[in-house]
Amino acid sequence: MFGIVRPCRHRLGESLGGQWMAHLCGLCLALRKDHGQFARIVTNYDGLLISVLTEAQAADGGAGAGRRTAGPCPLRGMRTASVAHGEGARLAAAVSLVLASAKVRDHVADGDGLLARRPVALAARRVARGWDAAGARGGTAVGFDTAVLVDAVDRQTGIEALAGPGTPILAVTEPTETATAAAFAHTAHLAGRPGNAEPLAEAGRLFGRLAHLLDAVEDREADAASGAWNPLTATGTSLTEARRLADDAVHGVRLALREAEFTDGRLAHRLLVHELGTSVDRAFGTASCAHGGHPYAPPGGPGAPTPPGPPRGNRRGLLAGCAVWVGLACTCQMCCGTYEDPWSGERKESQCANCDGSCCECCNCCSCCGEDGCCGDGCGCDC
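Keep in mind it's a predicted model, so treat the numbers as computed, not measured.

J.: Please explain the overall build of the protein chain as it appears in this structure.
T.: The helix and strand inventory of the protein chain stands at 11 helices and four strands. The buried share among the 383 residues of the protein chain stands at 52%. Long-range pairs, those at least 24 residues apart, make up 69% of the contacts in the protein chain with a sequence separation of at least 6. For the protein chain, the exposed surface amounts to about 17000 Å²; the carbon and sulfur share of it is 55%.

In structure tokens, the structure reads:
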């Protein structure tokens, strides 16, 4: 999984954390249902924003909203859960497939790792073509033409080939901006709120700019060491200028969201306003949450939202308990939050479960919303 919006459960809280997990699982299951098991590997944190935005705008019972109960999964400690489903999740799946295909082709072009070997590169290209076709089918099913995404990817290669010292960095980020703007805007049509299309397109454009910039910042040193192409290095853009553009993009997303109408915009606001700012801080090495950058952070930086669930009354066998233990360990639920003992089903507290707020910059949301209290535009803080 990948993405720039990787929230810590201590900032989301129990309610928004549960909603976030519902959309993450919903995206994963939509990929499996429409495109097969293998497609689930493209599940990503940014893709679920499409599902979040669609549901945030949809009236109860709308095509873009809805919940269903999903079966047990190792990443949820073998518990069932209420997950998002509907056209928002299907659009998120289609967009994720096309963008993942683009990322694979980019790695093949750069000859990264094993992809430098011809047989592996050929196999990767075949997988990418399959994802393109699957994404196109999924997009068509919800009225979205993924050609705009494919065109953006194709133009990106040509723009990078021509870029050099003095080229505006925003010329390089433009294809990504165009692709994300189209995806964000289509959520308004799915939710039956065409008036939201313009502000959400602007939010998507700035989100795409931010994603491209932060990816370049995080990869800058590694690209320099390997000799790979990096937009900041190629255009001579300083980190100071990149930070200015990133901060402007975060502010622009916030203003754009204020122009849109939501049925319940709390989670969308939290992710696209507060968490985007945290993403910028993390990429540039400034203040961030001490619990780690994302819900499935490695040991030492846990932050997984733990879905609520009743304890099991029956004990598991040795092998079944070991399988659940592996799932819990891999997702760091045993390090952060609450979890059920893999064998007895007894509810247990992790070492980080009793956070007092001092370890997170924004555990107390109200202290981070500025002079106007809790934003006044859907922050969702329980103040």
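J.: Is there a simple way to think about the nonpolar core in this case?
T.: In summary, soluble globular proteins display a tendency toward joint burial of nonpolar side chains. Of all hydrophobic cores here, the largest spans 83 residues; its most connected members are Trp20, Leu210, Leu271, Leu272 and Leu276. Among the elements that make up this core, the one with the highest residue count is helix H7 (residues 197-226) (11 residues). Those residues within four positions of Leu276 in sequence are excluded, and the remaining contacts are Ile4, Val5, Phe207, Leu210, Val250, Val253 and Leu271.

J.: Which parts of the structure should I look at to understand helix H3 (residues 87-110)?
T.: Two residues of an α-helix separated by three or four positions point the same way, owing to the 3.6 residues in each turn. Its 24 residues give H3 an end-to-end C-alpha distance of 35 Å, which sits within 8% of 34 Å, the value for a rise of 1.5 Å per residue. Just downstream of H3, Gly111 is the residue with a positive phi angle, here 65 degrees.

J.: Whenever I open this one, the pattern of salt bridges confuses me. Can you help?
T.: Side chains that differ in charge, positive against negative, can pair when their charged atoms come close. According to the stated counting rule, one finds 13 salt bridges in the structure shown. Salt-bridge contacts for Arg244 lead to Glu241; the nearest nitrogen and oxygen are separated by 2.7 Å. Within this pair, Arg244 and its partner Glu241 are both found in helix H9 (residues 239-258), separated by three residues, close to a single helical turn. With a relative accessible area of 41%, Arg244 lands in the partly exposed category. Under the relative-accessibility criterion, Glu241 is labelled partly exposed at 28%. The residue Asp248 makes a salt bridge to Arg244 at a minimum N-O spacing of 3.1 Å. Here Asp248 and its partner Arg244 are both found in helix H9, four residues apart, which amounts to about one turn of the helix. Beyond isolated ion pairs, a larger network of salt bridges with shared partners links Glu177, Glu202, Arg205 and Arg209.

J.: Honestly, the packing of helix H6 (residues 169-190) against H7 in this entry has me stumped. Any pointers?
T.: Helix-helix packing: each pair is described by the crossing angle between the helix axes and the interaxial distance. Following both chains from N to C, one finds H6 and H7 inclined at 140 degrees, their axes separated by 6 Å at the closest point. As the angle between them shows, H6 and H7 are arranged oblique. Handedness of the crossing formed by H6 with H7: right-handed. The residue inventory of the contact of H6 with H7, partitioned by class, reads 13 nonpolar, eight polar and three charged.

J.: I would appreciate a short explanation of a positive patch on the surface in the present structure.
T.: A cluster of like positive charges, contributed by Arg118, Arg125, Arg126 and Arg129, occupies part of the molecular surface. Note that Arg126 resides in helix H4 (residues 118-141).

J.: Hey, could you run me through the packing of aromatic side chains in this one?
T.: The final tally for this structure, using the stated rule, is three aromatic pairs. Consider the rings of Trp20 and Tyr45, whose centres lie 5.7 Å apart with planes at 35 degrees: the pair is tilted. Here the residue Trp20 occupies a position in helix H1 (residues 9-35), and Tyr45 occupies one in the loop between H1 and helix H2 (48-57), the gap between them amounting to 25 residues. A residue is classified by how much of its surface remains accessible, and Trp20, at 0% relative accessible area, is buried. On the accessibility criterion, Tyr45 (4% relative accessible area) is buried. Geometrically, the ring pair formed by Phe38 and Trp131 is stacked, given 5.9 Å between the ring centres and 25 degrees between the ring planes. With a gap of 93 residues between them, Phe38 in the loop between H1 and H2 and Trp131 in helix H4 connect regions that are remote in the sequence.

J.: Please explain the environment of Pro199 as it appears in this structure.
T.: Within the fold, Pro199 resides in helix H7. On the accessibility criterion, Pro199 (12% relative accessible area) is buried. Those residues within four positions of Pro199 in sequence are excluded, and the remaining contacts are Ala256, Glu259 and Ala260.

J.: Quick question: what am I supposed to make of a negative patch on the surface here?
T.: On the surface, Asp106, Asp110, Asp215 and Glu218 cluster together into a negatively charged patch. Within the element layout of this structure, Asp106 appears in helix H3.

J.: Before we go on, may I ask you to explain the side chain of Glu275 in this structure?
T.: Tracing the sequence through the fold places Glu275 in helix H10 (residues 266-283). Apart from residues lying up to four places away in sequence, Glu275 is in contact with Val5, Pro7, Cys8, Arg11 and Arg270.

J.: Explain H2 to me, please; I cannot follow it from the model alone.
T.: Within H2, 10 of the 10 residues are buried, leaving the element largely enclosed by the surrounding structure. By the burial criterion, the buried members of H2 are Leu48, Leu49, Ile50, Ser51, Val52, Leu53, Thr54, Glu55, Ala56 and Gln57.

Calculation criteria
One numbering rule holds for all chains: residues counted from 1, following each sequence as written. With the structure being a predicted model, the display of local features is reserved for residues of pLDDT at least 70 and the display and counting of side-chain atom pairs for 80 or more, all residues being used for whole-chain, interface and lining totals. Think of the side-chain values as coming from all heavy atoms in the structure, minus any hydrogens and water. Helix and strand definitions here come from DSSP, where helices need a minimum of 4 consecutive H or I residues and strands a minimum of 2 consecutive E residues; each element is numbered from the N-terminal end. When a residue's accessible area, from a 1.4 Å probe over protein chains only, is under 20% of the maximum for its type it is buried; when over 50% it is exposed; and in between it is partly exposed. Here, residues are in contact when the closest pair of their heavy atoms is within 4.5 Å. Note on areas: these come from Shrake-Rupley sampling with a 1.4 Å probe, and a residue is covered only by the protein chains present in the view. We define a nonpolar core as any set of buried Ala, Val, Leu, Ile, Met, Phe, Trp, Tyr and Cys residues linked to one another through side-chain atoms lying within 4.5 Å. Each helix should span, by expectation, one fewer than its residue count multiplied by 1.5 Å. One speaks of a salt bridge when a side-chain nitrogen belonging to Lys or Arg is within 4 Å of a carboxyl oxygen belonging to Asp or Glu. Every angle, taken between N-to-C directions, lies between 0 and 180 degrees, and every axis is a line fitted to C-alpha atoms, over only the stretch in contact when it is a helix. Note on angle classes: values under 35 degrees are labelled roughly parallel, values over 145 roughly antiparallel, values of 65 to 115 roughly perpendicular, and the remainder oblique. Each crossing gets its handedness from the near helix: less than a right angle anticlockwise from the far helix is left-handed, clockwise is right-handed. Under the convention adopted here, Pro, Cys and the residues Ala, Val, Leu, Ile, Met, Phe, Trp and Tyr are nonpolar, Asp, Glu, Lys and Arg are charged, and Gly plus all remaining residues are polar. By definition, no residue in a patch forms a salt bridge, and every one has over 30% relative accessible area; like charges are joined within 9 Å, nonpolar side chains (Val, Leu, Ile, Met, Phe, Trp, Tyr) within 5 Å. We score Asp and Glu as negative and Lys and Arg as positive, and we do not count His or the chain ends. Lys charges are placed at NZ, Arg charges at CZ, Asp charges at CG and Glu charges at CD. For this analysis, a ring pair means two rings from Phe, Tyr or Trp (six-membered ring only for Trp) whose centres lie within 6.5 Å, classed as stacked if their planes differ by under 30 degrees, edge-to-face if by over 60, and tilted for the remaining angles.

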